[in-house]
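The chain contents come next:
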Amino acid sequence: MRDTERLEAAIEERKDSIQTKGKQKQQLKCDTNSVAGCVSQRACVYCGARVVLNPVTDAIHLVHGPIGCASYTWDIRGSLTSGSDLYRFSFSTDLQEMDVIFGGEKKLARAIDGLVEKYQPKLIFVYSTCIVGVIGDDLEAVCKAAARRHGIEVIPVQSSGFIGNKSAGYRAACDALLKLIKPAENEQISKNNTINYLGDFNLAGEVWIIKDYLQRMGLALNVAFTGDSNYETLKTATKASLNIVQCAGSMIYLANQMKEIYDIPYHNVSFLGLEDTSDSLRRIARTYNDLEIMRRTEELIKAETAAVAPLLARYREKLRGKKAAIYVGGGFKAISLIKQFREIGIDVVMIGTQTGRQEEYDTINDLVDDGTVILDDANPSELERFMVEKGAHLLVGGVKERPLAYKLGIAFIDHNHDRKHPLSGYVGAVNFAQEVYSTVCSPVWKYTGEGGGLDEQRKCCLS
Ligand code: SF4
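Residues numbered from 1 in each chain as written. Predicted model: local features only at pLDDT ≥ 70, side-chain atom pairs only at ≥ 80, totals over all residues.

This part takes up the overall build of the protein. Scanning the protein from terminus to terminus reveals 18 helices and 14 strands. Computed over its C-alpha atoms, the radius of gyration of the protein comes to 23 Å, within 12% of the 23 Å expected for a compact globule of 463 residues. Along the longest, intermediate and shortest principal axes, the C-alpha atoms of the protein span 70 × 65 × 40 Å. Looking at the protein as a whole, 50% of its 463 residues are labelled buried. Looking at the protein alone, contacts between residues at least 24 apart form 73% of all its contacts between residues at least 6 apart. (Helix = DSSP H or I, 4+ residues; strand = E, 2+ residues; numbered from the N terminus. Rg over C-alpha atoms; globule rule 2.2 N^0.38 Å. Buried ≥ 20, exposed ≤ 12 C-beta atoms within 10 Å, placed from the backbone. Contact = placed C-beta atoms within 7 Å.)

Set out below in structure tokens:
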């Protein structure tokens, strides 16, 4: 079978997870396991759990598995800290062949003992990986015994590869957090007027931007899950009176659990782009039904919008008519990106996510123009085919999508974990536009030759 035939066959098998707006009427198939044999762009269960928990700054993150799994470190994720930087290490039990045959529990217990002696942490997360699921080490028992031995919290994260996809990893991380925030027996929870911010990982300091907005509105951030959080702050989580959820894909489960168990209501929010940032701030303010908070919120929105509007107008002038392809982790981010691209004059021609949910795809479908390709859990072949077919000038994605864009001679913007510039709030909207402009209109495209996408549109932005 030739490459093109193979691609067509794979796409046929995935046809229910790919649709073109205006052509198909049925709902997109999503939230399922990947098609066997397709090299999905989706990350594994362990990775899903690790991205959520890694920003807990004073925790030991111990990976029970082969050394390769531990290559996921702070270095590929730009979560910042205002305190401890223990989270920047990645520890591993480095399971070898003999451990796989005879079991790795003793090695894990020894690793925990060694880490406690060296770092005296209050909290250790122990992640299970694919091989641990196969050999059946009892993580729960080893962690429980270690916690008793050392008088600290040692929390198992049940993220072995075969329990599902990246979403199962999110859930495993949320379960670990629920264990951590559970108040001690007989402890009285007295609520205060603060807010927990769920689903922000303080990439390039984004939590601090939102914290500042809340303060200017007359509100206070209690703890962020999990950007710039630590053992002590997470322990106060049940005292907050409201949860706001940025990355719904990873944290909606935690928000629902906290609502049910601790009676903390939540709102979905998005601080990507002007429209969603302003809407979200207003929604938070309305919750308090306090005229002063509402006045301060409107004042903030007015001042911040006025400060960035002229800059965005300039970028819009340069970028008008360009076409973007989006492939990101969650549906909520994808929805915000459609609106954010509109703010700078760009049309979205292809959009997909790794873990989007049905209701999010319905919203995406409502927002995009006819002819836009929408796809769930894509593989590189599909992304390539539709980006070329739709004439995209730019791909927004994460670390795995970057080489694909560059090989096709398409501009790329990182909207994932390893970036060093904040994309949240009003300042983030300007950073985003600036980033899009500098990559789409980079002089490098003059040298990419035929097929490199140097069409009339791009020539015009280079002039
Ligand atoms: S847990 Fe499994 S899929 Fe994930 S990095 Fe380790 S070996 Fe690879």
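This part covers the sheet that holds strand β2 (residues 60-64). The strands that make up a sheet pair up through hydrogen bonds in the backbone, lying either parallel or antiparallel. Pairing within the open sheet is parallel, and its four strands lie in the order β3-β2-β4-β5. On the outer flanks of this sheet lie β3 (91-92) and β5 (153-157), each paired with one strand and no other. Bridge count between β2 and β3: two bridges; the pairing is parallel. When the bridges of β3 are listed, V63 appears paired with S92. Where helix α4 (residues 105-119) meets the sheet, it contacts β2, β3, β4 (123-128) and β5, and its direction lies at approximately 160° from that of β2. Against the sheet, helix α7 (residues 166-181) makes contact with β4 and β5, and its axis sits at roughly 160° relative to β5, the strand it touches most. (Pairing = 2+ DSSP bridges. Axes fitted to C-alpha atoms, helices over the stretch in contact; angles between N-to-C directions.)

Close to the ligand lie C44, Y46, C47, G65, C69, T129, C130 and G161. Classifying every residue of the shell around the ligand gives five nonpolar, three polar and no charged. (Near = placed C-beta within 6 Å. Nonpolar A, V, L, I, M, F, W, Y, C, P; charged D, E, K, R; others polar.)

As assigned here, the protein comprises domain 1 (45-164), domain 2 (195-298) and domain 3 (316-462). For domain 1 versus domain 3, the separation of C-alpha centres amounts to 35 Å. Counting residues at the interface gives four residues for domain 1 and five residues for domain 3. Grouping the constituent residues of the side of domain 1 that touches domain 3 by class yields two nonpolar, one polar and one charged. (Domains from an automatic or database assignment.)

Bringing the packing of helix α13 (residues 331-343) against helix α14 (residues 358-367) into the picture now. Two elements in contact, α13 and α14, have axes whose closest approach is 9 Å; the angle formed by their N-to-C orientations is 15°. Of the possible angle classes, the one that applies to α13 and α14 is roughly parallel. As α13 runs across α14, the sense of the crossing is left-handed. For the pair α13 and α14, contact is made by G331, F332, A334, I335 and I338 and by E360, Y361, T363, I364 and L367, respectively. Of the residues assigned to the contact of α13 with α14, the class counts are seven nonpolar, two polar and one charged. (Parallel < 35°, antiparallel > 145°, perpendicular 65-115°, else oblique. Left-handed = near helix turned anticlockwise from the far one by under 90°.)

Attention now moves to the pairing of strand β13 (residues 394-397). The side chains of a regular strand alternate between both faces of the sheet. In β13, alternate side chains face the same way, and those of L394 and V396 on one face and L395 and G397 on the other are all buried. In this sheet, strand β14 (residues 411-414) lies alongside β13 in parallel orientation, the contact comprising four bridges. Looking at β14, one finds that V396 is bridged to I413.

With 13 residues, α13 ought to run about 18 Å at 1.5 Å a step, and its terminal C-alpha atoms sit 19 Å apart, in line with that. Counting buried positions over the 13 residues of α13 gives 10, a clear majority of the element. Buried residues of α13: G331, F332, K333, A334, I335, S336, L337, I338, Q340 and F341, and no others. Two residues or fewer after α13 comes G345, characterised by a positive phi angle close to 80°. (Expected span 1.5 Å × (residues − 1).)

A word on the sheet that holds β14. Strand order in this open sheet of six strands is β1-β12-β11-β10-β13-β14, and the pairing throughout is mixed. The sheet terminates laterally at β1 (18-20) and β14, the two strands that pair on one side only. Across this sheet, the average inter-strand angle for adjacent strands is 15°, counted without regard to direction. Pairing geometry for strand β10 (residues 323-328) and β13, over three bridges, is parallel. The residue of β13 that forms the bridge with I326 is V396.

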